[in-house]
Amino acid sequence: MIIDKLSEAGHSEVGQKLREADLAKHDPGNVDGLNRVNRVTRTLDTALLKDPLGEEKVLKLIDLMIEPDSWPSRDQGWLARLDKALQADGYSIAETRAPAKSNIWPPQPDIEVVTLREVVLRGDGGAPFAERTSELRARLLQLGFSTAEHHLGEASTHLRNSKWTSANSQIRPALEALLLEIASRDGLTIPNPPGGGSAIAAFANADLIDANGRKFLDGVWSQLHSKGSHPGAGGESDTKNRMHLLTGTLGWVLDSLTP
């Protein structure tokens with residue numbers, strides 16, 4: 001499906017998409033006698049067979065193709081078929097929606113539009129992680145918490161590519177970054193060295209969270225391990241459980257500590 005849809009474009013646009021997905025080194029280019037279908041097929045086959053990051057790059061290509069403003073995504077039938085095919089491989093297409101901005105007067109009823117679309121790894125029970133993760137990332141960026149959003153995005157990407165240790169290494173930093181960014185915004189003094197635990201204490205000392213809130217955050221903080229990423233490889237089940245814990249906690253922190 002990816003090959004057929006991308007091959008509908010001209011050679012120039014095909015090359016641009018492959019470059020954006022870091023697949024250029026596997027692209028034979030617009031050589032004599034090589035049509036677009038064969039060009040894309042050869043590129044993807046080479047990437048998946050010879051590049052250790054080939055699967056990740058192919059998923060990135062799909063992400064680029066399903067972006068709301070990308071021409072392939074205008075074909076809703078193709079999107080639906082692609083989503084069904086991805087689900088068979090343990091993935092799904094997740095969407096983040098937000099009210100459309102309009103300068104029309106008088107104001108019109110809010111119409112939600114897709115602002116982010118991405119391929120995500122499906123969680124236990126078939127629930128897409130990024131239905132929650134994408135919402136959180138959009139909210140973090142809206143509030144200016146870019147460091148926390150970066151770590152959450154990295155964790156989500158590594159999780160999608162079944163890189164459990166790499167995903168695990170971003171989970172604790174995502175929560176720590178959010179706590180520190182909120183503390184900085186609120187002008188709280190964090191003892192050196194600054195960290196998530198000291199930020200939690202600062203929130204409690206400033207009466208921004210009550211005793212139950214502090215117990216909750218302290219408990220989560222200890223579950224995410226004092227040394228950052230979980231020692232050892234960090235398996236699939238462990239990483240997914242921590243990701244669920246992270247997304248729930250990030251939502252709680254945003255609801256409790258931001259206007």
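Residues numbered from 1 in each chain as written. Predicted model: local features only at pLDDT ≥ 70, side-chain atom pairs only at ≥ 80, totals over all residues. Heavy atoms only, no water.

Next up on the list: the overall build of the protein chain. In terms of helices and strands, the protein chain carries eleven helices and two strands. Each helix (α) and strand (β) of the protein chain, taken in turn from the N terminus, gives the series α-α-α-α-α-β-β-α-α-α-α-α-α. Among the 259 residues that make up the protein chain, the fraction classed as buried is 45%. In the protein chain, 61% of the contacts between residues at least 6 apart in sequence involve partners at least 24 apart. For the protein chain, the computed accessible surface area is about 13,400 Å², with 49% contributed by carbon and sulfur atoms. (Helix = DSSP H or I, 4+ residues; strand = E, 2+ residues; numbered from the N terminus. Buried < 20%, exposed > 50% of the residue type's maximum accessible area, 1.4 Å probe, protein only. Contact = heavy atoms within 4.5 Å. Areas by Shrake-Rupley, 256 points an atom, 1.4 Å probe, with all protein chains shown as cover.)

Counting 34 residues, the largest nonpolar core has Leu175, Leu178, Phe203, Leu246 and Val253 as the members making the most contacts within it. Of all elements in the fold, only helix H6 (130–143), helix H7 (146–160), helix H8 (164–185), helix H9 (196–205), helix H10 (211–223) and helix H11 (236–257) reach the threshold of two or more residues within this core. It is H8 that contributes the most residues to this core, ten residues altogether. Discounting residues that sit within four places of it in the chain, phenylalanine 203 has contacts with Leu179, Ile182, Ala183, Leu188, Leu208, Ile209 and Leu257. The next biggest cluster of nonpolar side chains, apart from the first, holds 24 residues, and it includes Ile2, Ala9, Trp78 and Leu86. (Core = buried A, V, L, I, M, F, W, Y, C linked by side-chain atoms within 4.5 Å.)

Take the environment of valine 58 next. Tracing the sequence through the fold places valine 58 in helix H4 (residues 54–66). Classification of valine 58 by relative accessible area gives buried; the value is 12%. When the C-alpha positions of valine 58 and alanine 21 are compared, they lie 7.2 Å apart, and in sequence the two are 37 residues distant. Non-local contacts of valine 58, meaning those with residues more than four positions away in its chain, are made with Leu44 and Leu48.

Considering all chains together, one arrives at one aromatic pair under this definition. Cation over ring: arginine 172 sits above tryptophan 221, and NZ or CZ is 3.6 Å from the ring centre. (Phe/Tyr/Trp six-rings, centres within 6.5 Å; stacked < 30°, edge-to-face > 60°. Lys NZ or Arg CZ within 6 Å of the ring centre and 35° of its normal.)

Quick look at the confidence of the model for the protein chain now. Per-residue pLDDT for the protein chain has a mean of 82; in total, 84% of the residues score no lower than 70. Within the protein chain, no element has a lower average pLDDT than strand S2 (residues 112–121), which sits at 70, and none a higher one than H9, at 92. Below pLDDT 50 for its whole length, residues 228–233 participates in ten contacts with residues either more than four positions away or in separate chains. (pLDDT = per-residue confidence, 0-100.)

Where H8 meets H11, the axes come as close as 9 Å, and the angle between the chain directions of the two elements is 10°. By the criterion of interaxial angle, the relationship of H8 to H11 is roughly parallel. The hand of the H8/H11 crossing is left-handed. For the pair H8 and H11, the contacting residues are Trp164, Ala167, Asn168, Ile171, Ala174, Leu175, Leu178, Leu179, Ile182 and Arg185 in the first and Glu236, Asp238, Thr239, Lys240, Arg242, Met243, Leu246, Thr249, Leu250, Val253, Leu254 and Leu257 in the second. Here the contact of H8 with H11 is built from residues that sort into 14 nonpolar, three polar and five charged. (Axes fitted to C-alpha atoms, helices over the stretch in contact; angles between N-to-C directions. Parallel < 35°, antiparallel > 145°, perpendicular 65-115°, else oblique. Left-handed = near helix turned anticlockwise from the far one by under 90°. Nonpolar A, V, L, I, M, F, W, Y, C, P; charged D, E, K, R; others polar.)

This part covers H8. Taking 1.5 Å as the rise per residue, H8 with 22 residues should run 32 Å; its terminal C-alpha atoms sit 32 Å apart, in good agreement. Looking at the residues trailing H8, positive phi occurs at glycine 187, about 70°. (Expected span 1.5 Å × (residues − 1).)

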